[in-house]
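Chain residues, written in single-letter form:
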2 protein chains.
Amino acid sequence: MTRYRDIAEQLVGEIAGLPAGTRIEGEYEIAARFGVGRAAARAALQELERRMLVRRVQGLGTFTSRRIDYRISPAEAPSWSRMVRASGAVPRTVVRSCSVVPMPAEVAALLKMPEGVPCHRLHRRSFTDDVPAAYGTEWVPVSVVPELAQALRSFDSLDVILRGSTGALPRRAWTRASMAPIDPEVAAELGSRTGDPAWLVESLNDDAGSGRLLCFTQRWMRADAVRVLLETGPPPG
Amino acid sequence: MTRYRDIAEQLVGEIAGLPAGTRIEGEYEIAARFGVGRAAARAALQELERRMLVRRVQGLGTFTSRRIDYRISPAEAPSWSRMVRASGAVPRTVVRSCSVVPMPAEVAALLKMPEGVPCHRLHRRSFTDDVPAAYGTEWVPVSVVPELAQALRSFDSLDVILRGSTGALPRRAWTRASMAPIDPEVAAELGSRTGDPAWLVESLNDDAGSGRLLCFTQRWMRADAVRVLLETGPPPG
DNA sequence: CAGTGGTCTAGACCACGGG
DNA sequence: CCGTGGTCTAGACCACTGG
């Protein structure tokens, strides 16, 4: 007798072939079409949202969604733009703040630099098809890129800036990833709700040629927007 | 006026110090205590479930839950029992099926063996504090452990069996992990619902001493039961 | 402003698990 | 059997978005 699951199943089939971002029926329409109360219609749409098949926005409606594949491996360059484009979506990254600060001890230990040396602290928010998907902090020593704020006016991608400014080929030297319920500040940046599942990916990047350490990044990514795929070590064979 | 969030916040504080598995108030009690309808009380408890702070079981009630930390790194031995015990919970693993089959091509490629050589195919389900948490398939060449079914009658842990039977020190040679909505068959084994978030961890294990390839495992883990923490490569420094 | 999803009530019946 | 959570209705009002 579980009516809303039946409805959800049918809707799964109906939206299967639709392009990402397509608007689908609302709660009242579903209720009318299937002859159920609004609560059951709502439950069906929430089921789709739980399975990360649709996005729902108050005041706007319900839309099909797409999760981009974000592959993390020592072989893959650490670039948001590349990954998003590889999934057929449009990337965009916006600087929230950028300032030079003394490098904190934890970051200095990872970058193998003296604590307190000048370091860019960058807060950025990234989008896929104008949907907020990632937010975090990036630490770049001033000795690696002296004029980061200026470079960011021309380029979205930190990967591109590092390649152009230093001639380096950025590569993941070390990565740590986990998934956790998000806290309120980050939720606000990502337009999601406190406690929603999200990835925390921390990455130390170096130059594939020289091994010189370039930067340390900590980024939260919405689990419903990004399908993280992590590989430790090189693929075998 | 979001009443159910206020209630959820208060409950978060109240259950913060409780030991895992403690039974907490039900929907009717919450409704009575806060003077709201059952729908609002229910929404508050569902909010806690969404944040993976409680488990709810029809016919039983609502219970505080604990997520175990499952660290995956080249430095860490691939053992469920060890990881669960390290988090202070009780591990248990049950064999669902165990048979010798010709090794499939995909597995053979990873284990660098000829396709079709005899191979144990093992389906197992793992628990933390008697809560189903993981399920999957493990492939062990007969040439590595001839009498696997017999060994499993004495030991829960594949890690222990491999160490005892071959003198090897199992280690993760290569790992791939992702998180995805679960499909119906696996959901049934894990006692969760289709579409719930879960980890898929695939791991190729070898002997730390000789580098000999030992087995390939594919395991699903409930995201609300296991906090996977993945590191690529060795910790820096 | 109209239309969307978000919250909430009061009440009902069902499905499940344990004594 | 009882009590739990799961589903559902009918109806109401609110919060947010866009035009």
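Preceding this paragraph is the structure being described.
Everything numeric here is computed off the predicted structure, so don't read it as measured data.

Could you clarify how one ought to interpret the sheet that holds strand S3 (residues 61-64) of chain A in this entry?
Across a sheet, strands are paired by hydrogen bonds formed along the backbone, either parallel or antiparallel in direction. All names here are of chain A. Pairing within the open sheet is antiparallel, and its 3 strands lie in the order S1-S3-S2. This sheet does not close on itself; its edge strands, each paired only once, are strand S1 (23-24) and strand S2 (54-57). Of the strand pairs in this sheet, S2 and S3 are connected by 4 bridges, and their pairing is antiparallel. Paired with Arg 55 across the strands is Phe 63, a residue of S3.

How should helix H2 (residues 27-34) of chain A be read in this particular structure?
Quick reminder: α-helices carry 3.6 residues per turn. Residues three or four places apart thus point the same way. Residues and elements named next belong to chain A. Those residues of H2 lying buried are Glu 27, Ile 30, Ala 31 and Phe 34. On an axial view of H2, the arc spanned by its buried residues comes to 100°, and they lie on one face. Along H2, the residues that are exposed and aim more than 90 degrees away from the buried face are Tyr 28 and Ala 32. Check the buried side of H2 and you find it contacts helix H1 (3-15), helix H3 (38-50) and S2. Once H2 finishes, Gly 35 follows within two positions and takes phi at roughly 65°, a positive value.

Even after reading the chapter, I still don't get the protein's contact with DNA strand D, so can you show me in this structure?
If you check the shell around DNA strand D, you find 26 residues, and the closest are Arg 3, Tyr 4, Gly 37 and Ala 39 of chain A together with Arg 38 of chain B. Close to the protein, within 4 Å, the atoms of DNA strand D belong to sugar or phosphate groups at a rate of 65%. Here Tyr 4 of chain A contributes a side-chain N or O atom positioned 3.0 Å from a phosphate oxygen of DNA strand D. The side chain of Arg 5 of chain A places a nitrogen or oxygen atom 3.1 Å from a phosphate oxygen of DNA strand D. Among the elements of the structure, H1 and H3 of chain A together with helix H2 (27-34), helix H3 (38-50), strand S2 (54-57) and strand S3 (61-64) of chain B are those that each provide at least two residues to the surface near DNA strand D. Broken down by class, the residue content of the surface near DNA strand D amounts to 8 nonpolar, 9 polar and 9 charged.

Help me understand the packing of aromatic side chains in this model?
Aromatic rings considered in pairs are described by the distance between their centres and by the relative angle of their planes. Per the stated rule, a full pass over the model turns up 3 aromatic pairs over all chains. Note on Tyr 70 of chain A and Trp 80 of chain A: the rings are 5.8 Å apart at their centroids and 40° apart in plane angle, and the pair reads as tilted. Of this pair, Tyr 70 of chain A sits in strand S4 (residues 68-72) while Trp 80 of chain A is found in helix H4 (residues 80-86), placing the two residues 10 residues apart along the sequence. Considered together, Tyr 70 of chain A and Trp 80 of chain A belong to a single accessibility category, that of buried residues. Considering the side-chain rings of Trp 199 of chain A and Trp 199 of chain B, the 5.2 Å spacing of their centres and the 90° angle between planes classify their relative orientation as edge-to-face. Taken as a pair, Trp 199 of chain A in strand S9 (residues 197-207) and Trp 199 of chain B in strand S9 (residues 197-207) lie in two separate chains rather than in one. Both residues of the pair, Trp 199 of chain A and Trp 199 of chain B, belong to the buried class. Above the face of the Trp 80 of chain A ring, Arg 219 of chain A is positioned so that its terminal group lies 5.9 Å from the ring centre.

What counts and how
- Residues numbered from 1 in each chain as written.
- Chains lettered and ligands numbered in written order.
- Predicted model: local features only at pLDDT ≥ 70, side-chain atom pairs only at ≥ 80, totals over all residues.
- Heavy atoms only, no water.
- Pairing = 2+ DSSP bridges.
- Helix = DSSP H or I, 4+ residues; strand = E, 2+ residues; numbered from the N terminus.
- Buried < 20%, exposed > 50% of the residue type's maximum accessible area, 1.4 Å probe, protein only.
- Arc of directions from axis to C-beta.
- Contact = heavy atoms within 4.5 Å.
- Near = heavy atom within 4 Å.
- Polar contact = N/O pair within 3.5 Å; in protein donor to acceptor, adjacent residues only side chain to side chain.
- Nonpolar A, V, L, I, M, F, W, Y, C, P; charged D, E, K, R; others polar.
- Phe/Tyr/Trp six-rings, centres within 6.5 Å; stacked < 30°, edge-to-face > 60°.
- Lys NZ or Arg CZ within 6 Å of the ring centre and 35° of its normal.

Remember that the coordinates give geometry; whether it matters functionally is a separate question.
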